[in-house]
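# Descriptive structure summary
One letter stands for each residue in the lines below.
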Number of protein chains: 4
Amino acid sequence: MDRGRLEAFSDGVIAVAITLLALNLAVKGPPHPPLLEQLREHGWAFGAYLLSFFAIGIIWVNHHTLIKSIALVDRTLLFLNLVLLLFVVLIPFATATVADYMSHGNSWDARVAMMLYAGVLLGMSIGFGAIFEWTLHGERTLQPLPPEAHWPARLRFVGGGSVYAAALVVALFNAYAAFILIALVAVYYIAQRTPTSPAEARGPGDTGGTEVL
Amino acid sequence: MDRGRLEAFSDGVIAVAITLLALNLAVKGPPHPPLLEQLREHGWAFGAYLLSFFAIGIIWVNHHTLIKSIALVDRTLLFLNLVLLLFVVLIPFATATVADYMSHGNSWDARVAMMLYAGVLLGMSIGFGAIFEWTLHGERTLQPLPPEAHWPARLRFVGGGSVYAAALVVALFNAYAAFILIALVAVYYIAQRTPTSPAEARGPGDTGGTEVL
Amino acid sequence: MDRGRLEAFSDGVIAVAITLLALNLAVKGPPHPPLLEQLREHGWAFGAYLLSFFAIGIIWVNHHTLIKSIALVDRTLLFLNLVLLLFVVLIPFATATVADYMSHGNSWDARVAMMLYAGVLLGMSIGFGAIFEWTLHGERTLQPLPPEAHWPARLRFVGGGSVYAAALVVALFNAYAAFILIALVAVYYIAQRTPTSPAEARGPGDTGGTEVL
Amino acid sequence: MDRGRLEAFSDGVIAVAITLLALNLAVKGPPHPPLLEQLREHGWAFGAYLLSFFAIGIIWVNHHTLIKSIALVDRTLLFLNLVLLLFVVLIPFATATVADYMSHGNSWDARVAMMLYAGVLLGMSIGFGAIFEWTLHGERTLQPLPPEAHWPARLRFVGGGSVYAAALVVALFNAYAAFILIALVAVYYIAQRTPTSPAEARGPGDTGGTEVL
């Protein structure tokens, strides 16, 4: 099956990006302040690591679900996938920036960092939405969604992506509120991952499970 | 088979994490102290590299054995696997921290670093245990373990993970003793990897081979 | 199929290289100039990231198309593929160098950096061309190109690679003009990725779609 | 087939290691000496990059050939493979060390760095040899080598690995001579990769092609 290599490449990029997240946790070593103090100062770095790890993890789960429903891989899909990955690759950078600035209060810089972070997640969400939109047309999925289900599916999608857009606006005023908003998306998504029936898990209706992104 | 992508993604993350371990070995270059002296000072860095390399390697072998017995991949499994990977990704960071502080004696900082290291390995062990627990229920493995074998299997598991918990406590008093304790787990595990019969290697009883983690 | 591992290894290298591109975007953190100012100074870093991301992405798409038409994997192909990857791996380094020097005007250093960048892309293009040439001979592809189509295919190829050669020369005089030239190649390539018919997408004629590299 | 995941994990580790090689090429950026001068000073860094790239590439090609002849994957093989990867992961570190010290003449430090480099390559060669030895026993390969061919095969093997052992000794006196010796191994190996017949390429006799490592 041709989508194998699309999955392998995406898995590779996502795996490297998720592992690079931890590079930012490094402490300074012996001649510097006591380790416990340094770790305490890294509080936001750990928080941002955790949040980004699950944000990338969720995208991986959704990508997995969406791609396995695809019947045809064309160049358009390959490029839409590249756009998605373009934003995934930016997440370690955005995470490190947020971690660096959040530990110094709700300054203008912390809010700029948070807007950057929310913006990258929004870009990732839009990239994923573009692939989802692509699957709605032609004979591109194994079990195409009926046309009357397109708009409800899109609305759920926009509903999810709009949380990141909201976080982008909230970050203009309060970096911490935006962080909590994005964390709630991740928590909600993980909490609702109740075991679905095998039929659901394989049908195209399952892509509705991606709504929170 | 659907578990292919779960394996591919996990392999990717584990491969990147295991390769990043060596980044911490870098020496400072020409204008600094003689190379041999620097390498000697890096003694603990090499020791920690070796220990973490095999700790990750063992987890990979066990993950390989456990996942190939799985018949069904659902979202719960994907998220439990993410929790396991969350701790795997932290290992290079914990290794670098231990290496930085161990070379300055059994100071409070060295013990804090060691507690961090043992804690990350314990988290990894718990994440792996959660996947193992998941395999015990429903029709999730190709050859389910009979119910009466559940508790013995769990006990062996807890027995293994508890070495890391013990190392966490020991580290509070002596970082070097904790290091040796963790090293013994790895040595024991590698030493007992005697060629098992094909039947054992494929049956669910084989997951008992994971007890030391 | 034996080409599976060739693809897997290439995907791995390309995935790591494309993810390392973003390492260069890191800002300096709190005690330094305001974040927005730093991000503005990183303008060229973002531009170079975007350009290199799509340059690598295009090579991945073309590699995917070319390799899946191959019937036989021999050691010559494995080494030609290594030469291609040798240049792919250099792209993050060349990108970081360009980003560092472009933000200081059209200096001699900026032009040297741009020549390095165009040179690496040219090397990648030549490496890819060598694999393409290899596919023209013997019984190496599933649907061999007829001999009379070899020269037209080569000419299209040389036509594409020569844009990078031109950028190398232009960079001697103006780094920005060379950057725009390379960006036009990427834009042209992505724009022309109109949905091809399934027949075209699978036949060897499709490798003609690689002409812009 | 069970060896799929062994290959996938090894490919991942080798791909990351080969890509990290280029991290060491980074220049210092604008306020420092002219770029061309920095690149000239990086001469040995480029040389070491090239040599290590092909040393890892050759190991990948040989690993590919050897593993695809394997009929059975047991835990012993998984751990022997980990030992091989342990040394592969050290190559970027050893390469960076050699590059740092070679550019300052044939000093004691340069010779120590070169011994480290030759030692890591020797370790990799021994790790590969251990896997090869493992394939000679039991019913582990698809077409077992006849017993009378074991010693000739081993001798060719020792002949290859001994070049690295020789380089280790030579490095004690002259770092540059050791570098050239290792480079000759790579050049010889790539030069002799003449198209073998399909029968040879698939039979166990082909593992003889690994003698130079």
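Above this text is the structure in question.
### Observations concerning the overall build of chain A
Summing up its helical and strand segments, chain A has eight helices and zero strands in all. Starting at the N terminus, the α and β elements of chain A follow one another as α-α-α-α-α-α-α-α. Across the 213 residues that make up chain A, the buried fraction comes to 59%. For chain A, the accessible area works out to roughly 7800 Å², and carbon and sulfur atoms hold 69% of it.

### Remarks on the relation of the copies chain A and chain C
Expressed as a screw transformation, the operator carrying chain A onto chain C has a rotation angle of 90 degrees and an axial translation of 0.0 Å, and the superposed copies differ by an RMSD of 0.0 Å. Those values place the two copies in the arrangement expected of a four-fold rotation axis.

### Some remarks on the interface of chain A and chain C
Counting from both sides, the interface comprises 29 residues of chain A and, opposite them, 43 residues of chain C. On the chain A side of the contact with chain C, Arg5, Arg75 and Phe79 of chain A bury the most area, a combined 26% of that side's loss. Residues aspartate 11 of chain C and arginine 5 of chain A are paired through a salt bridge, measuring 2.7 Å at the closest nitrogen-oxygen approach. Here the side of chain A that touches chain C gets 14 residues from one element, more than from any other, and that element is helix 4 (residues 75-102) of chain A. Residue classes in the side of chain A that touches chain C are distributed as 20 nonpolar, four polar and five charged.

### Concerning helix 5 (residues 108-136) of chain B
All names here are of chain B. Under the 1.5 Å per step criterion, the end-to-end length of helix 5 is 41 Å for 29 residues, consistent within 8% with the ideal 42 Å. Among the 29 residues of helix 5, 24 are classified as buried, and the element is accordingly described as predominantly covered. Count one or two residues on from helix 5 and you reach glycine 138, which has phi positive near 60 degrees.

### Some details on the nonpolar core
Met114 of chain A, Met114 of chain B, Met114 of chain C together with Met114 of chain D are the most contacted members of the largest nonpolar core, which totals 304 residues. Here methionine 114 of chain B is in contact with Val98, Met102, Ala171, Ala175, Ala178, Phe179 and Ile182 of chain B, once residues within four sequence places are set aside. One finds Leu20 of chain A, Val16 and Leu20 of chain B together with Leu20 of chain D within the second-largest nonpolar core, a separate group that totals eight residues.

### Focus on the environment of phenylalanine 9 of chain D
Relative to the helices and strands, phenylalanine 9 of chain D resides in helix 1 (residues 3-20). Residue phenylalanine 9 of chain D is classed as buried on the basis of its relative accessible area of 1%. Remark: the alpha-carbon pair of phenylalanine 9 of chain D and lysine 68 of chain D, spanning 59 residues in sequence, is separated by 14 Å. What phenylalanine 9 of chain D contacts, discounting residues up to four positions off in sequence, is Asp11, Ile14, Ala15, Ile18 and Trp60 of chain B together with Leu82 and Leu85 of chain D.

### Remarks on the interface of chain D and chain C
With 43 residues of chain D at the interface, the matching set in chain C holds 29 residues. Here chain D and chain C share an interface that buries about 3300 Å² over both sides, 74% of which is from carbon and sulfur atoms. Linking chain D with chain C are one salt bridge. At the junction of chain D and chain C, the tally comes to six residue pairs in polar contact (both at pLDDT 80 or more). With 14 residues, helix 3 (residues 43-67) of chain D is the single largest residue contributor to the side of chain D that touches chain C.

### Re the side chain of histidine 42 of chain C
Residues and elements named next belong to chain C. Among the structural elements, histidine 42 can be located in the loop between helix 2 (35-41) and helix 3 (43-67). Looking at histidine 42, its side chain comes within polar contact range of the main-chain oxygen of alanine 26, at 3.2 Å. Here histidine 42 is in contact with Asn24, Leu25, Ala26 and Val27, once residues within four sequence places are set aside.

### Considering the pattern of salt bridges
All names here are of chain D. Counted by the stated rule, this structure contains 12 salt bridges over all chains. Of the charged contacts, one joins glutamate 133 and arginine 154 as a salt bridge, the two residues approaching to 2.8 Å between their closest N and O atoms. Here glutamate 133 is found in helix 5 (residues 108-136), whereas its partner arginine 154 is found in helix 6 (residues 150-170), with 21 residues between them in sequence. Looking at arginine 154, the relative accessible area reads 14%, which means it is buried.

### Considering the relation of the copies chain D and chain C
By a simple turn and slide, chain D fits onto chain C: the slide is 0.0 Å along the axis, the RMSD is 0.0 Å, and the turn is 90 degrees. Here only 5% of the contact residues of chain D are again contact residues in chain C; the copies associate through non-equivalent surfaces.

### Concerning the environment of methionine 115 of chain B
Within the fold, methionine 115 of chain B resides in helix 5. Residue contacts for methionine 115 of chain B: discarding those within four places in its chain leaves Trp108, Leu168, Ala171 and Leu172 of chain B.

### A word on a nonpolar patch on the surface
On the surface, a nonpolar cluster with roughly 500 Å² of combined accessible area is contributed by Leu36 of chain A together with Trp108, Val169, Leu172 and Phe173 of chain B. Structurally, leucine 36 of chain A is set in helix 2 (residues 35-41).

### Topic: the packing of helix 3 of chain C against helix 4 (residues 75-102) of chain C
Residues and elements named next belong to chain C. Relative orientation of the contacting elements helix 3 and helix 4 amounts to 165 degrees, with a least axis distance of 8 Å. Compared by their axis directions, helix 3 and helix 4 come out roughly antiparallel. Here helix 3 and helix 4 pass one another in a crossing that is right-handed. Counting all contacts with helix 3, which are made through Trp44, Ala45, Ala48, Tyr49, Ser52, Ile56, Ile59 and His63, the residues of helix 4 involved are Asn81, Leu84, Val88, Ile91, Thr95, Val98, Ala99 and Met102. The residue makeup of the contact of helix 3 with helix 4, split by class, is 12 nonpolar, four polar and no charged.

About the cut-offs
Residues numbered from 1 in each chain as written. Chains lettered and ligands numbered in written order. Predicted model: local features only at pLDDT ≥ 70, side-chain atom pairs only at ≥ 80, totals over all residues. Heavy atoms only, no water. Helix = DSSP H or I, 4+ residues; strand = E, 2+ residues; numbered from the N terminus. Buried < 20%, exposed > 50% of the residue type's maximum accessible area, 1.4 Å probe, protein only. Areas by Shrake-Rupley, 256 points an atom, 1.4 Å probe, with all protein chains shown as cover. Least-squares fit on C-alpha atoms with pLDDT ≥ 70 in both. Contact = heavy atoms within 4.5 Å. Buried area = accessible area lost by both parts, 1.4 Å probe. Salt bridge = Lys/Arg side-chain N within 4 Å of Asp/Glu carboxyl O. Nonpolar A, V, L, I, M, F, W, Y, C, P; charged D, E, K, R; others polar. Expected span 1.5 Å × (residues − 1). Core = buried A, V, L, I, M, F, W, Y, C linked by side-chain atoms within 4.5 Å. Polar contact = N/O pair within 3.5 Å; in protein donor to acceptor, adjacent residues only side chain to side chain. Patch = residues over 30% accessible without salt bridge, like charges linked within 9 Å, V, L, I, M, F, W, Y side chains within 5 Å. Axes fitted to C-alpha atoms, helices over the stretch in contact; angles between N-to-C directions. Parallel < 35°, antiparallel > 145°, perpendicular 65-115°, else oblique. Left-handed = near helix turned anticlockwise from the far one by under 90°.

Any functional reading would require information that these geometric values do not contain.
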